[in-house]
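# Observations on the model geometry
The residues making up each chain are set out below.
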4 protein chains.
Amino acid sequence: MKVFLIGLGKMGGNMARRWLLAGHDVIGYDRDTTVAEKLANEGRLIPVTSIADGVSKLSKPRVVWLMVPAGKVTEDTIFQVSQSLSKDDVIVDGGNSNFNDSMRIARELTEKGIHFLDAGVSGGVWGLKEGYSIMVGGEEAAFKTIIPLIKSLAPSETTGWGLVGPSGAGHFTKMVHNGIEYGMMEAFAEGYDLMQSRKDFDLDLHQISEIWRHSSVIRSWLLDLISLALENDQELSHIQPWISDSGEGRWTVNEAIKQDVPAPAIAAALFRRFDSREENSYAYRLISAMRNQFGGHTMKTEK
Amino acid sequence: MKVFLIGLGKMGGNMARRWLLAGHDVIGYDRDTTVAEKLANEGRLIPVTSIADGVSKLSKPRVVWLMVPAGKVTEDTIFQVSQSLSKDDVIVDGGNSNFNDSMRIARELTEKGIHFLDAGVSGGVWGLKEGYSIMVGGEEAAFKTIIPLIKSLAPSETTGWGLVGPSGAGHFTKMVHNGIEYGMMEAFAEGYDLMQSRKDFDLDLHQISEIWRHSSVIRSWLLDLISLALENDQELSHIQPWISDSGEGRWTVNEAIKQDVPAPAIAAALFRRFDSREENSYAYRLISAMRNQFGGHTMKTEK
Amino acid sequence: MKVFLIGLGKMGGNMARRWLLAGHDVIGYDRDTTVAEKLANEGRLIPVTSIADGVSKLSKPRVVWLMVPAGKVTEDTIFQVSQSLSKDDVIVDGGNSNFNDSMRIARELTEKGIHFLDAGVSGGVWGLKEGYSIMVGGEEAAFKTIIPLIKSLAPSETTGWGLVGPSGAGHFTKMVHNGIEYGMMEAFAEGYDLMQSRKDFDLDLHQISEIWRHSSVIRSWLLDLISLALENDQELSHIQPWISDSGEGRWTVNEAIKQDVPAPAIAAALFRRFDSREENSYAYRLISAMRNQFGGHTMKTEK
Amino acid sequence: MKVFLIGLGKMGGNMARRWLLAGHDVIGYDRDTTVAEKLANEGRLIPVTSIADGVSKLSKPRVVWLMVPAGKVTEDTIFQVSQSLSKDDVIVDGGNSNFNDSMRIARELTEKGIHFLDAGVSGGVWGLKEGYSIMVGGEEAAFKTIIPLIKSLAPSETTGWGLVGPSGAGHFTKMVHNGIEYGMMEAFAEGYDLMQSRKDFDLDLHQISEIWRHSSVIRSWLLDLISLALENDQELSHIQPWISDSGEGRWTVNEAIKQDVPAPAIAAALFRRFDSREENSYAYRLISAMRNQFGGHTMKTEK
């Protein structure tokens with residue numbers, strides 16, 4: 001089927017490739033117009049240089065799929081797209097948008113008769129090869145329209161995809177997925193940190209990862225990736241101890257607080273990312289100052 | 001090859017079956033002698049009713065493998081076995097023993113010329129079918145002796161097993177494995193708790209688990225098991241909110257503290273298990289009492 | 001000076017008493033009109049039965065002080081009050097409002113020429129006797145108007161009060177105060193829980209509290225209150241292990257997340273309150289189910 | 001009364017001064033003999049250059065009080081002292097020893113007829129002026145012997161001291177005290193970190209500390225000290241974000257784990273101290289590597 005894909009970055013670009021391989025007609029737009037050109041050179045993608053142009057190449061009911069940064073860019077793009085669409089057309093937001101935003105946008109577009117689907121898409125840079133796991137929120141009728149596209153993204157026609165609930169449910173589910181991911185990554189990181197601290201055992205952390213990958217209780221894709229990361233440099237010597245975060249972990253903890261759900265492990269994972277980026281923690285300095293005040297404990301004062 | 005297996009419970013019993021299938025000669029002992037009889041009836045296992053009898057059926061170098069509860073039972077059994085063994089024989093402790101104990105025991109047995117291997121074995125009740133992940137600590141020479149046994153337990157001859165370091169390293173690695181497992185389970189539990197709390201989305205948690213199992217970043221064996229657990233009863237209505245712990249989580253946090261390694265997610269997982277078993281938390285009551293003292297806040301006082 | 005106080009509950013009632021003792025003229029309104037009557041009977045408070053009536057009894061510049069529940073009630077009351085006020089009048093919100101709301105309300109009232117002050121008031125039911133700690137946000141000119149009232153609430157004319165910043169800063173500071181309070185209460189609760197768990201020491205927790213109250217590093221008002229709470233019943237036998245929360249702890253963690261500030265201890269305190277109110281935690285049941293799936297571990301299934 | 005004090009450091013030196021002021025006869029020994037000389041020059045302290053010499057200056061029943069570093073130094077010193085003592089003499093360990101060690105030592109000394117008291121002493125460098133909070137474990141008869149010394153250390157004859165239980169109970173109680181202290185310090189640090197992060201409010205953290213010190217719920221000695229620390233340099237600009245730990249926090253968490261008591265806030269405080277000392281966290285680097293593996297997220301790789 002025909003789809004207009006907006007956003008051809010790391011995620012969008014590979015999704016376009018997967019659709020093209022499956023025989024879909026993909027019209028592609030990216031703010032950086034050279035990106036669409038490059039993809040067009042790879043194969044059959046039809047590059048456009050404006051959103052209106054992309055929409056004009058579709059036939060009713062039109063499907064526009066967004067893979068752009070969450071937040072303002074997504075909102076602005078949806079608004080712009082909706083100007084060119086009409087009743088019964090479908091917009092799919094496949095980015096990591098906040099589900100509360102998606103619920104509001106769905107209401108707004110519904111008033112215009114436009115269908116909105118919020119699709120959580122997991123799989124990262126491996127999605128091209130291994131397929132994507134896709135959780136969609138919205139109305140069933142609209143969902144049915146895009147099933148051919150979904151099936152081509154998924155690992156197989158019958159696995160890794162589904163309509164999980166009404167508007168918002170797709171991005172909510174993806175948010176929770178990422179929250180769990182934070183907790184799992186932190187758990188692995190703590191365990192590996194502990195193993196590398198026991199210098200006397202002189203452990204080969206790549207070997208252990210490989211052993212665990214087969215039949216252990218903690219076997220998982222993240223463990224597969226750890227093994228890959230450690231293959232050539234167990235010391236991770238070229239990497240700085242600095243972890244970014246893209247927002248889904250924060251939302252998960254915020255939502256947990258809203259719903260009275262304890263989330264100490266996910267919160268711990270989030271806070272450690274903050275800690276990793278602190279270069280001169282006021283908290284640490286204040287505790288050091290308190291210890292000095294009551295106990296006369298020496299503070300480190302040279303920097 | 002020939003092996004004398006002591007302890008034929010959930011883990012030991014299935015390991016015996018796997019060895020027998022692979023053609024090894026397994027002599028089996030369990031404190032409950034009917035267990036060895038039952039296994040003998042299934043196939044070729046040779047049941048014995050005493051440890052001395054089991055050892056007498058081996059030929060040099062003798063290999064005795066223990067799958068008994070960690071702690072006193074393991075120590076007593078090792079002592080008893082070592083009385084019947086002589087120079088160059090091998091004792092393998094495949095249980096979840098504390099690695100510090102294993103290091104001490106290895107030293108003691110080495111003085112008697114007996115080899116000791118500490119083997120972390122992961123895989124649970126699924127090990128019979130899917131094989132076990134095995135991390136061994138000890139001397140290479142002794143390890144080589146038992147490689148045929150290890151290969152038959154592992155998922156394949158080339159995967160899921162290895163000598164990871166000197167004495168203690170096997171149980172240390174298994175301890176860390178289980179610590180990571182605690183953190184992962186807690187992360188999943190928090191995420192699922194959050195999903196079930198959003199009643200308005202009316203999510204099908206089994207469906208979502210199935211979607212995630214394919215190509216998502218959090219795909220893992222634990223997720224496969226969650227999906228199985230939710231298949232027929234998403235409400236988990238027959239299960240009590242009470243979680244046991246077998247010790248490895250505690251040891252992991254204790255060791256992290258000893259090594260100055262932050263382990264907040266694993267510690268959170270451990271503390272929640274404690275919380276799950278508290279019926280009348282003094283901490284909660286004291287906080288409630290404080291709130292009443294300073295703010296006149298109503299306490300729940302009827303039970 | 002003259003003040004119209006709206007909300008005569010646990011906090012407001014005692015503040016009225018303190019103002020009356022200091023010689024201020026207090027006009028009092030409460031939705032439950034019998035409350036104002038009762039206070040009037042105690043002394044010189046002038047009860048009114050409507051907000052408009054209360055305002056009419058003031059002279060310019062009028063000062064209206066709110067001590068009503070945060071959220072909708074506060075917003076509605078401020079709106080209603082503002083209808084009766086005019087340029088240069090002052091509204092003080094002394095409740096536990098969210099500082100973001102206070103910042104918005106200040107902007108809205110400023111457009112009407114009405115001054116708005118957000119006052120964090122700490123001290124609880126002991127404030128009548130010991131005075132209140134007061135942090136105010138807003139413009140200095142408006143603040144100066146109410147200094148006589150503030151001084152009478154404070155423990156002394158020179159201590160325990162101040163203008164801490166622009167609009168929002170008062171409630172922000174009070175929010176952080178309460179967040180710290182959560183963490184301190186949790187720390188005490190954990191320590192006392194640990195002491196009562198060592199039955200072999202047969203500790204007298206009231207005696208220990210009294211020892212600590214004098215010259216120890218952890219001496220504090222919360223410790224004084226613990227000592228009071230334990231005086232007659234160390235077992236806290238009549239109290240249920242159930243802790244309420246009024247919102248400030250949640251806001252603190254949410255704000256910490258927004259500002260990239262790690263707050264693991266305050267978050268832990270918050271999550272334990274959630275845990276205290278869970279009667280049938282899905283998280284705990286799911287972990288129990290996972291353990292059963294992989295290890296065949298027995299679950300508690302009878303309720 | 002007469003007492004032989006071993007260890008004249010920050011704690012011991014001030015305790016000697018307090019005893020001398022109260023009229024006791026203090027014989028003093030420190031490994032650095034100039035320290036005892038210096039104290040002798042201040043007043044009536046009798047300096048000795050060996051433990052045997054100090055003991056010889058006492059009369060029966062002799063009281064020897066230790067204020068030396070916990071662990072090996074304390075054990076060695078107790079052993080040495082006990083060689084010079086005889087039946088009914090009393091050794092007091094006023095250091096921060098592990099209560100398990102104190103329980104063992106008490107048993108060993110009891111066999112020799114020597115009394116052992118484990119005294120938790122809190123108050124830090126302020127103890128000279130404000131007195132010390134003292135929790136003692138051991139037999140009542142021995143405790144009675146040293147009450148005159150205890151009363152002189154305490155803030156007053158009737159406050160801040162007591163026999164809290166059998167051997168070990170004094171150091172156990174002090175350990176819990178310090179564990180609570182960790183949690184309180186972390187709670188304050190998180191709150192102040194959050195306040196300093198809101199640059200737009202331009203808060204005066206010293207002013208706020210002073211407001212809170214009077215009548216707020218979180219008023220406490222630690223808050224008094226924070227106020228002192230911030231008085232001249234709110235930025236704490238000369239202090240490094242590096243926090244030491246002396247062992248009691250670790251023991252508290254270890255003991256909590258042993259007793260199945262959840263201690264997430266105290267554990268969080270402990271782990272953040274570890275984090276503060278990590279210069280190149282392997283955990284952080286591994287998480288960064290995982291993110292790069294699955295999502296192609298950029299890692300910081302320059303150092």
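The residue numbering used here restarts from 1 in each chain and proceeds along that chain's sequence as written. Key to labels: chains lettered from A, ligands numbered from 1, both in the order written. Where totals are concerned, whole chains, interfaces and linings use all residues; where local detail is concerned, this predicted model gives features only for residues with pLDDT of at least 70, and gives and counts side-chain atom pairs only at 80 or more. Water and hydrogen atoms were dropped before computing side-chain values, which therefore reflect all heavy atoms in the structure.

Chain A is annotated in an unreviewed UniProt entry as 6-phosphogluconate dehydrogenase from Leptolinea tardivitalis. UniProt positions are given in the numbering used here, feature names are shortened, and annotations may be inferred rather than shown by experiment. As recorded by UniProt, the Sequence similarities (unreviewed entry) comment attached to chain A reads in full: "Belongs to the 6-phosphogluconate dehydrogenase family."

### Topic: unusual backbone geometry
Residues lysine 60 of chain A and proline 61 of chain A are joined by a peptide bond in cis, for which omega reads -10°. For aspartate 260 of chain C, which is not glycine, the phi dihedral falls at a positive 60°. One non-glycine residue, aspartate 88 of chain D, lies in positive phi territory at about 75°. Each helix corresponds to a stretch of at least 4 residues labelled H or I by DSSP, and each strand to a stretch of at least 2 residues labelled E; elements are numbered beginning at the N terminus. The residue aspartate 88 of chain D is located in the loop between helix 4 (72-84) and strand 5 (90-93) in this model.

### Considering the nonpolar core
Soluble globular proteins: nonpolar side chains tend toward being buried together. Remark: nonpolar core denotes a set of buried residues (Ala, Val, Leu, Ile, Met, Phe, Trp, Tyr, Cys) joined through side-chain atoms within 4.5 Å. We call a residue buried when its accessible area falls under 20% of the maximum for its residue type, exposed when it is over 50%, and partly exposed in between, using a 1.4 Å probe and counting protein chains only. Ranked by size, the top nonpolar core spans 224 residues in total, and within it Tyr192 of chain A, Tyr192 of chain B, Tyr192 of chain C together with Tyr192 of chain D carry the most contacts. The contact criterion used throughout is that any non-hydrogen atoms of two residues lie within 4.5 Å. Residues within four places of tyrosine 192 of chain D in sequence aside, it is in contact with Tyr282 and Leu286 of chain A, Ile180 of chain C together with Leu205, Ser209, Trp212, Leu223, Ile226 and Leu230 of chain D.

### What about the packing of helix 8 (residues 169-197) of chain D against helix 9 (residues 205-213) of chain D?
All names here are of chain D. Axis lines are fitted through C-alpha atoms, for helices just across the contact stretch, and the angle between N-to-C directions can take any value from 0 to 180 degrees. It is at 11 Å that the axes of helix 8 and helix 9 come closest, and there the two elements cross at 135°. What the angle tells us is that helix 8 and helix 9 run oblique. Taken as a pair, helix 8 and helix 9 cross one another with a handedness that is right-handed. In contact with Tyr192, Met195 and Gln196 of helix 8, helix 9 contributes Leu205, Ile208, Ser209 and Trp212. Residue polarity follows a fixed list, in which Ala, Val, Leu, Ile, Met, Phe, Trp, Tyr, Cys and Pro are nonpolar, Asp, Glu, Lys and Arg are charged, and the others, Gly among them, are polar. Of the residues in the contact of helix 8 with helix 9, the class split is five nonpolar, two polar and no charged. An angle counts as roughly parallel when it lies under 35 degrees, as roughly antiparallel when it exceeds 145, as roughly perpendicular when it falls between 65 and 115, and as oblique in every other case. Handedness of each helix crossing follows the sense of rotation of the near helix against the far helix: counterclockwise by less than a right angle gives left-handed, clockwise gives right-handed.

### Let's talk about the relation of the copies chain C and chain D
The fit set for superposing copies consists of C-alpha atoms from residues with pLDDT of at least 70 in both; the fit itself is least squares. Placing chain C over chain D gives an RMSD of 0.0 Å and needs a rotation angle of 180°, together with 0.0 Å of translation along the axis. The two molecules are tied by a two-fold rotation axis, judged by turn and shift. When the interface residues of chain C are mapped onto chain D, 100% of them again lie at the interface, so the same face is used by both copies.

### Structural notes on the pattern of salt bridges
The term salt bridge refers to a pairing of a side-chain nitrogen on Lys or Arg with a carboxyl oxygen on Asp or Glu at a separation within 4 Å. Overall, the coordinates contain 83 salt bridges over all chains when judged by the stated rule. We note a salt bridge from arginine 17 of chain D to glutamate 42 of chain D, for which the minimum N-O separation is 2.6 Å. Remark: glutamate 42 of chain D occurs in helix 2 (residues 33-42) and arginine 17 of chain D occurs in helix 1 (residues 10-21); sequence separation between them is 25 residues. Exposure remark for arginine 17 of chain D: the relative accessible area of 24% places this residue in the partly exposed category. Shared partners join several salt bridges into a network, and the residues in it are Glu75, Asp101, Arg104 and Glu108 of chain A.

### Quick notes on the interface of chain C and chain D
The partner chain D presents 71 residues to the 70 residues of chain C that form the contact. Take the accessible area each of two parts loses on contact, using a 1.4 Å probe, and add the two losses: that sum is the buried area. Both faces combined, the contact of chain C with chain D buries some 5,800 Å², and carbon together with sulfur accounts for 70% of it. Three residues stand out in chain C for area buried against chain D, namely Leu194, Phe201 and Val217 of chain C, and they jointly supply 12% of the buried area on that side. Here glutamate 255 of chain D ties to arginine 198 of chain C by a salt bridge, and the two come within 3.0 Å at their closest N and O atoms. Throughout this description, a polar contact denotes any pair of N or O atoms lying within 3.5 Å of each other; where both atoms belong to protein, one of them has to be capable of donating a hydrogen while the other can accept it, and for residues adjacent in sequence the pair is counted only when both atoms sit in side chains. Across the contact surface, chain C and chain D share 26 residue pairs in polar contact (both at pLDDT 80 or more). At 20 residues, the largest contribution of residues to the side of chain C that touches chain D is made by helix 8 (residues 169-197) of chain C. Split by residue class, the side of chain C that touches chain D holds 38 nonpolar, 22 polar and ten charged.

### Let's talk about the interface of chain B and chain A
Interface size is commonly expressed as the accessible area that is lost once the parts come together. Counting residues at the interface gives 71 residues for chain B and 70 residues for chain A. Roughly 5,800 Å² of surface becomes buried between chain B and chain A when both sides are summed, with 71% attributable to carbon and sulfur atoms. At the junction of chain B with chain A, the criterion picks out 26 residue pairs in polar contact (both at pLDDT 80 or more). Those elements that provide at least two residues to the side of chain B that touches chain A are helix 5 (99-111), strand 7 (133-137), strand 8 (161-165), helix 8 (169-197), helix 9 (205-213), helix 10 (221-230), helix 11 (248-258) and helix 12 (264-277) of chain B. The element that contributes the greatest number of residues to the side of chain B that touches chain A is helix 8 of chain B, accounting for 20 residues. Grouping the amino acids of the side of chain B that touches chain A by side-chain chemistry returns 38 nonpolar, 22 polar and eleven charged.

### Thoughts on the UniProt feature "domain: 6-phosphogluconate dehydrogenase C-terminal" (unreviewed entry) in chain A
As annotated in UniProt, the feature "domain: 6-phosphogluconate dehydrogenase C-terminal" (unreviewed entry) corresponds to residues 170-298 of chain A in the numbering used here. A helix fraction of 67% and a strand fraction of 0% characterise residues 170-298 of chain A, whose end C-alpha atoms lie 53 Å from each other.

### Things to note about helix 5 (residues 99-111) of chain A
In an α-helix, one full turn covers 3.6 residues, which means residues spaced three or four apart are oriented alike. All names here are of chain A. Spanning 13 residues, helix 5 covers 19 Å between terminal C-alpha atoms, matching the ideal 18 Å at 1.5 Å per step. On its buried face, helix 5 sits against helix 4 (72-84), strand 5 (90-93), strand 6 (115-122), helix 8 (169-197) and helix 11 (248-258). The N-terminus of helix 5 is capped by asparagine 98, whose side-chain oxygen sits 2.8 Å from the backbone nitrogen of asparagine 100. Immediately beyond the C-terminal end of helix 5, within one or two residues, lies glycine 113, with a positive phi of roughly 80°. Expected span of a helix: the number of residues minus one, times 1.5 Å.

### Some remarks on the sheet that holds strand 8 (residues 161-165) of chain C
Strand pairing follows a simple DSSP-based rule, namely that at least 2 bridges must link the two strands. Across the sheet, eight strands lie side by side as 3-2-1-4-5-6-7-8 (chain C); this open sheet has mixed pairing. Two strands close off the open sheet at either side, each with one partner strand: strand 3 (46-47) and strand 8 of chain C. Across the sheet, helix 8 of chain C touches strand 5 (90-93), strand 6 (115-122), strand 7 (133-137) and strand 8 of chain C, and the angle it forms with strand 6 of chain C is around 15°. Sheet strands touched by helix 9 of chain D: strand 7 and strand 8 of chain C. Its angle to strand 8 of chain C, the strand with the most contacts, is close to 150°.

### So, the environment of glycine 7 of chain A
All names here are of chain A. Looking at the secondary structure, you find glycine 7 in the loop between strand 1 (2-6) and helix 1 (10-21). Distance in space between the C-alpha atoms of glycine 7 and arginine 31 is 7.4 Å, their sequence separation being 24 residues. Contact partners of glycine 7, with chain neighbours within four places excluded, come to Gly12, Tyr29, Asp30, Met67 and Val68.

### Topic: the pairing of strand 7 of chain C
All names here are of chain C. Within strand 7, five of the five residues are buried, leaving the element largely enclosed by the surrounding structure. Here five bridges tie strand 6 to strand 7, and the two strands are oriented antiparallel to one another. From the neighbouring strand, serine 122 faces strand 7, where its bridge partner is serine 133. With four bridges joining them, strand 7 and strand 8 adopt parallel strand pairing. Residue pairing across strands places isoleucine 134 opposite tryptophan 161, the latter belonging to strand 8. A right-handed crossover is one whose linking path, passing over the helix from the first strand to the second, runs clockwise when the strands point away from the viewer. Each parallel crossover has a hand, and for strand 7 linked through helix 7 (residues 140-153) to strand 8 it is right-handed.

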